[in-house]
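# Breakdown of the fold
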Amino acid sequence: MLEITSMAIRTCGGQSMLKSLPLERMFRDSRCGALMLPYTSEIMEDYLSVLSLYDMDEIDNAPGDEGGARNSLWRGASGQLRSVR
Amino acid sequence: MSTIADYYDLSRIRPEVQDVLARINVLGAEKFAPRAKAIDDEASFPVENYRDLAAEGFLGLTIPEEFGGWGFSLGEYAMVGAEIAKYCGATALTFNMHNSSMAWSRFMFDMPNLTPEEKAAFAPLRERQFRRAIAERAIYSQPISEGGQNWTSKPNQTQCRKVDGGWKINGFKKFASLAGYCDYYTIVCTEVFEGQEPRHEDTMLFVVHKDNPGLTVKGDWDPLGMRGTNSRDLILKDVFVAEEDLLMPRGIFGKTLPNFPHMMATLSPTYMGVAQGAFDFTVDYLKGRIPASRRSTAACMRPSASPSAKCTPGSPISAHSGGRPSVRPRACRRRRRSCACMRRSTTSWKACSKSPPWRSAPVAASRC
């Protein structure tokens, strides 16, 4: 999405940097999406990568950032909520 | 500007949904887009846009029909969010906070893994909030972030303790979109018990009225983008909530995300819409449809108003538009037959992926 707005600015040229036109606002707005918890692009990359390499039940022992996919509500029955369901 | 027919198969969209999408496009073009700059400049909340959305009844889009809402499915609601975002991203993103709050209560109730007892306890709680949202035209927000912590990985740091007749909540929410502008906050927190570490499975969900004692909105709001969301800090100090303002009975919240992880995907339509808006602008700009009054002074002064004027390569001003005032596309096409990209009616992603003007006709474009 940031790529699309970047490409739009590149396509329209220097004038699209001006605040009198809406494109620069869209460019700034578009940056915010990938930062938003719980689906930041980094966390989603972690999900994709760790689940490509390991099964759900193996990821507790997988190396990497424990704040990402490994220890999440999303895991439900496979994760720490196992005990309550 | 694109229309929904440019990117959706209309045979798959219910007529009443198409009507709402069409109405959003009218509101967007006439109201949201003209207001967007001031909202962004001042980092103010799009209050007037909300008035317009409420007047149309759109605050009830995801509320079930039996409680006076529209009963839109998640996908149908997502399309509405994307249309709003074509005109004002901040309106769409905050509108999602409200609709997502309603949608949680709507869809989580239908999860297959709820016990009959849980369902029986849930039913009156959600009905209370649905009816309140419709009757008061109330805006709900759902601040969840607490700053620097992924709340799906660790228990929420905002905590509640059981007291007589309800709970007391203490904590802090970061990036509380709509802070100071919504009527109710849905607060996610961890219920704590004496002599026990806070646990993820004790996550609770409450509805807190904006005037509830102990609730304060603090901090500045001057961010890079999505400036109209007004996502300031929300501080909760001994905030009392009554038992009937619990939004989900004990034990249900933990079951929601494993069964409905796509609930959070309601944030995505906003960004799809912003991207579509950027694309639409680009097409309009290249076709010379952006009025001269909205360009820089230098651009307006360029003596290129005649159709035969040649564009200067390397100029920061669009080679296609040459700083001319708004030109109707048909006339534009007649006069400029040599420019291949002008002849394309490229207003949709579908068409774009086949033949984006900047890919298919770079030579023609540079020579126009």
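A quick note: this is a predicted structure, and the numbers were derived from the prediction, not measured. (Residues numbered from 1 in each chain as written. Chains lettered and ligands numbered in written order. Predicted model: local features only at pLDDT ≥ 70, side-chain atom pairs only at ≥ 80, totals over all residues. Heavy atoms only, no water.)

All names here are of chain B. Scanning the model with the defined rule gives 23 salt bridges over all chains in all. Two residues, D41 and K37, come together in a salt bridge whose shortest N-O distance is 2.6 Å. On the criterion of helical spacing, the pair formed by D41 and K37 is a turn pair, its members being four residues apart in helix α2 (residues 15-42). What makes D41 partly exposed here is its relative accessible area of 37%. Classification of K37 as partly exposed rests on a relative accessible area of 35%. When the shortest N-O distance is used, the salt bridge between K162 and E243 registers 2.8 Å. Of the two residues, K162 sits in strand β2 (residues 159-163) while E243 sits in the loop between β7 (232-242) and β8 (246-248), which places them 81 residues apart along the sequence. Since its relative accessible area comes to 37%, K162 is described here as partly exposed. (Salt bridge = Lys/Arg side-chain N within 4 Å of Asp/Glu carboxyl O. Helix = DSSP H or I, 4+ residues; strand = E, 2+ residues; numbered from the N terminus. Buried < 20%, exposed > 50% of the residue type's maximum accessible area, 1.4 Å probe, protein only.)

The next point concerns the layout of surface pockets. Here the largest pocket is characterised by a volume of approximately 610 Å³. In terms of lining residues, the largest pocket is bounded by 30 residues, among which L35, M36 and L37 of chain A together with S145 and F175 of chain B are the most central. Within the residue set of the lining of the largest pocket, elements represented by two or more residues are α5 (89-108) and β3 (166-176) of chain B. Counting residues per element, the lining of the largest pocket draws most heavily on α5 of chain B, which supplies four residues. (1 Å grid on protein atoms, 1.4 Å probe; cavity = no way out; pocket = protein on both sides within 12 Å on 5 of 7 lines; lining within 4 Å. Points joined across faces, edges and corners; volume = space filled by probe spheres on them.)

What follows is about the side chain of S141 of chain B. Residue and element names in this part refer to chain B. Along the chain, the position of S141 falls in strand β1 (residues 140-141). Relative accessible area serves as the criterion here: at 0%, S141 is assigned to the buried category. Setting aside anything within four residues of it in sequence, one finds S141 in contact with M97, S101, S177, L178, C182, Y184, Y185 and T186. (Contact = heavy atoms within 4.5 Å.)

Another point: helix α4 (residues 74-85) of chain B. For an α-helix, the turn length of 3.6 residues means that residues three or four places apart are oriented alike. Residues and elements named next belong to chain B. End to end, α4 covers 17 Å across 12 residues, agreeing with the expected 16 Å (1.5 Å per residue, within 8%). By the criterion of burial, α4 is predominantly enclosed, with 10 of the 12 residues buried. Of the residues making up α4, those classed as buried are L74, E76, Y77, M79, V80, G81, A82, E83, I84 and A85. Buried residues along α4 sit against α1 (4-7), α2, α3 (47-55), α5 and α8 (268-286). (Expected span 1.5 Å × (residues − 1).)

Another aspect to go through is unusual backbone geometry. Most peptide bonds are trans, and most residues other than glycine sit at a negative phi. Residues and elements named next belong to chain B. Its identity as a non-glycine residue notwithstanding, A43 has a phi of 50°, on the positive side. Tracing the backbone shows A43 in the loop between α2 and α3. With phi around 50°, F175 is a residue other than glycine that occupies positive phi space. Relative to the assigned elements, F175 resides in strand β3. Using a relative accessible area of 49% as the deciding quantity, one classes F175 as partly exposed.

This part covers the nonpolar core. All names here are of chain B. In this structure, V80, F95, I169 and F206 are the most contacted members of the largest nonpolar core, which totals 69 residues. The element that contributes the greatest number of residues to this core is α2, accounting for seven residues. If we ignore the near neighbours within four places in the chain, the residues touching F95 are Y50, L53, F58, L59, L61, Y77, V80 and I84. If you look at the next biggest cluster of nonpolar residues, it comprises 29 residues, including I144, Y184, V207 and I252. (Core = buried A, V, L, I, M, F, W, Y, C linked by side-chain atoms within 4.5 Å.)

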